[in-house]
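The lines below spell out each chain.
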Amino acid sequence: MAAARVRSGGRPTLEEVAARAGVGRGTASRVINGSPRVSAQTREAVEAAVAELGYVPNRAARALAGNRTDAIALVVPESETRFFAEPYFSDIVRGVGAALADTEMQLLLTLAGNDRERRRLASYLTAHRVDGVLLVSVHADDPLPDLLEQLGMPSVISGRRHAAETLPSVDSDNFEGARAAVDHFISRGRRSIATITGRLDVYGAQRRLDGYRKAIASAGLDPDERLIAPADFSEEGGARAMRELLVRRPDVDAVFAASDVMAAGARQVLRESGRRIPDDVALIGFDDSAVARHMDPPLTSVRQPIEEMGRTMTRVLLQEIANRSEDRAVERPRIVLPTELVVRESS
């Protein structure tokens, strides 16, 4: 070990790591850069050589040579108010952070809720100041995904824009989650079942509405558009939609809200109107966030694995970055994670 250090002037080189591990320089580089394209045995040999020689990668030189920044951006095209009000986003951030914990990547969190913020972000990304982008809560008309494709920027989207999404994507099964919620109502004898949707320019909200419609049709219930109230995923939006539903259909006996936060708004209006939950009106939300567990009564909710979505989309992005650096063309993944109905006292 001492001889190796003398040959390199006191600081071990990548070549010496490769020689000690019995592999080529390129293989040693792939291990140190976190590439998955090495065997477990090779990875162990290189990591042992790194430890024995005391090798420390020159991050600045490595990034410059590979045109890398060692940073990724998590972009949320929403306002600050919604970002901090929705537990969904903090769970995503936790999942992303967990997936990056054993890497040397830095995470840049960027909110782009208005035109000025979007223009500033577009300039930043055009300068290639990050190696890749995680996109969350993208609306159908958002030009950002197309810009990322034009730039050739590795990107992963959580919540596709539409069925024909071209970016790698990670979603929860919004359709089946919503259908399970409505099926639960039907199994409990509810017949005037309403839904409060999220913004329908968000594909996930569309899929939840599709799942609601499918369950209603499969049960042979008459579809009634008066039982569908659009909102915006906020508590205030849930409250407004609930008031509209009570005016249109005062006989409503169950409400599926497309988020726990909207369910909280609906619950407040139901109480103000003298309706008891679940005796008069059963209530189900979506996300299974802390909001659901702390509501009175505790809220039945569709659990989507939000932290796992954050972890998965990060792993996919890191692979996309590795593919680009190695000039590999691979099929873009479309991953859908299962949901689960968590039954509590509200239904």
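Residues numbered from 1 in each chain as written. Predicted model: local features only at pLDDT ≥ 70, side-chain atom pairs only at ≥ 80, totals over all residues. Heavy atoms only, no water.

As annotated in an unreviewed UniProt entry, the protein chain carries the name DNA-binding LacI/PurR family transcriptional regulator and comes from Streptomyces clavifer.

### Notes on the overall build of the protein chain
Scanning the protein chain from terminus to terminus reveals 15 helices and 12 strands. Each principal axis of the C-alpha distribution contributes one length, and for the protein chain these read about 85 × 40 × 30 Å. Within the protein chain, contacts between residues at least 6 apart in sequence are counted, and of these 70% link residues at least 24 apart. Total accessible area on the protein chain stands at roughly 16000 Å², and carbon and sulfur atoms take up 49% of it. (Helix = DSSP H or I, 4+ residues; strand = E, 2+ residues; numbered from the N terminus. Contact = heavy atoms within 4.5 Å. Areas by Shrake-Rupley, 256 points an atom, 1.4 Å probe, with all protein chains shown as cover.)

### Remarks on the domain arrangement of the protein chain
We note that the domain assignment places domain 1 (14-57), domain 2 (71-172 + 307-338) and domain 3 (174-303) within the protein chain. Centre-to-centre separation of domain 1 and domain 2, based on C-alpha positions: 30 Å. (Domains from an automatic or database assignment.)

### Focus: the sheet that holds strand β11 (residues 334-337)
Taken together, six strands build an open sheet; the order of strands is β2-β1-β3-β4-β5-β11 and the sheet is parallel. With partners counted over all chains shown, the strands left at the sheet margins are β2 (106-111) and β11, one partner each. Neighbour to neighbour, the strand axes of the sheet diverge by 15 degrees on average, direction disregarded. Sheet topology note: the strand β1 (residues 71-76)/β2 ladder contains six bridges and is parallel. Residue Val-76 lies in a different strand from β2, and its bridge partner there is Leu-111. (Pairing = 2+ DSSP bridges. Axes fitted to C-alpha atoms, helices over the stretch in contact; angles between N-to-C directions.)

### Quick look at the nonpolar core
Counting residues in hydrophobic clusters, the biggest one holds 47 residues, and the most contacted among them are Ile-193, Ile-196, Tyr-212, Met-242, Val-255 and Phe-256. The dominant element in this core, judged by the number of residues it contributes, is helix α13 (residues 260-272), at six residues. Setting aside its immediate chain neighbours within four residues, Val-255 contacts Phe-185, Ala-194, Ile-196, Met-242, Val-281, Ala-282, Leu-283 and Ile-284. Listed in part, the 22 residues of the second largest apolar core include Val-96, Leu-100, Leu-134 and Leu-337. (Core = buried A, V, L, I, M, F, W, Y, C linked by side-chain atoms within 4.5 Å. Buried < 20%, exposed > 50% of the residue type's maximum accessible area, 1.4 Å probe, protein only.)

### Things to note about empty space enclosed by the protein
Taken as a whole and assessed by the stated rule, the structure comprises one cavity of 30 Å³ or more. Its volume calculated, the largest cavity comes out at about 300 Å³. Along the wall of the largest cavity there are 23 residues; nearest its centre are Tyr-88, Val-202, Arg-208, Phe-233 and Gln-304. When contributions to the lining of the largest cavity are tallied by element, the ones reaching two or more residues are α7 (87-100), β5 (169-172) and α11 (203-218). The biggest single contributor to the lining of the largest cavity is α11, with three residues. Residue composition of the lining of the largest cavity, grouped by class: nine nonpolar, eight polar and six charged. (1 Å grid on protein atoms, 1.4 Å probe; cavity = no way out; pocket = protein on both sides within 12 Å on 5 of 7 lines; lining within 4 Å. Points joined across faces, edges and corners; volume = space filled by probe spheres on them. Nonpolar A, V, L, I, M, F, W, Y, C, P; charged D, E, K, R; others polar.)

### Quick word on helix α12 (residues 235-248)
Relative to the 20 Å expected for 14 residues at 1.5 Å per residue, α12 spans 20 Å between its end C-alpha atoms, a close match to the ideal helical length. All of the buried residues in α12 are Gly-237, Gly-238, Ala-239, Ala-241, Met-242, Leu-245 and Leu-246. The secondary structure elements touched by the buried residues of α12 are β6 (193-197), β7 (228-230), β8 (254-257) and α13. (Expected span 1.5 Å × (residues − 1).)

### As for the packing of aromatic side chains
All told, the structure shown has four aromatic pairs when counted by the stated rule. When the ring of Phe-83 is compared with that of Phe-84, the centres are 5.1 Å apart and the planes differ by 90 degrees; the resulting orientation is edge-to-face. When its relative accessible area of 9% is taken as the criterion, Phe-83 is described as buried. A relative accessible area of 63% places Phe-84 in the exposed class. With centroids separated by 5.5 Å and ring planes inclined at 25 degrees, the aromatic side chains of Phe-83 and Phe-89 adopt a geometry described as stacked. Each member of the aromatic cluster is reached from another via a ring pair, and the members are Phe-83, Phe-84, Tyr-88 and Phe-89. In this structure, Arg-208 packs its charged tip against the face of Phe-286, placed 3.7 Å from the ring centre. (Phe/Tyr/Trp six-rings, centres within 6.5 Å; stacked < 30°, edge-to-face > 60°. Lys NZ or Arg CZ within 6 Å of the ring centre and 35° of its normal.)

### A look at the pattern of salt bridges
The tally for this structure, following the rule as stated, stands at 28 salt bridges. In this structure, the salt-bridge partner of Asp-91 is Arg-94, at a minimum N-O distance of 2.1 Å. Linking Asp-91 with Arg-94, this pair stays in helix α7, spanning three residues, or about one helical turn. Taking relative accessible area as the criterion, Asp-91 reaches 15% and is therefore assigned buried. In this structure, Arg-311 engages Glu-308 in a salt bridge whose closest nitrogen and oxygen atoms are separated by 2.9 Å. One end of the pair is Arg-311 and the other is Glu-308, both in helix α15 (residues 306-325) and three residues apart, which spans about a single turn. In this structure Arg-311 comes out as partly exposed when scored by relative accessible area, which is 25%. The structure contains a network of salt bridges with shared partners spanning Asp-91, Arg-94, Glu-307, Glu-308, Arg-311 and Arg-315. (Salt bridge = Lys/Arg side-chain N within 4 Å of Asp/Glu carboxyl O.)

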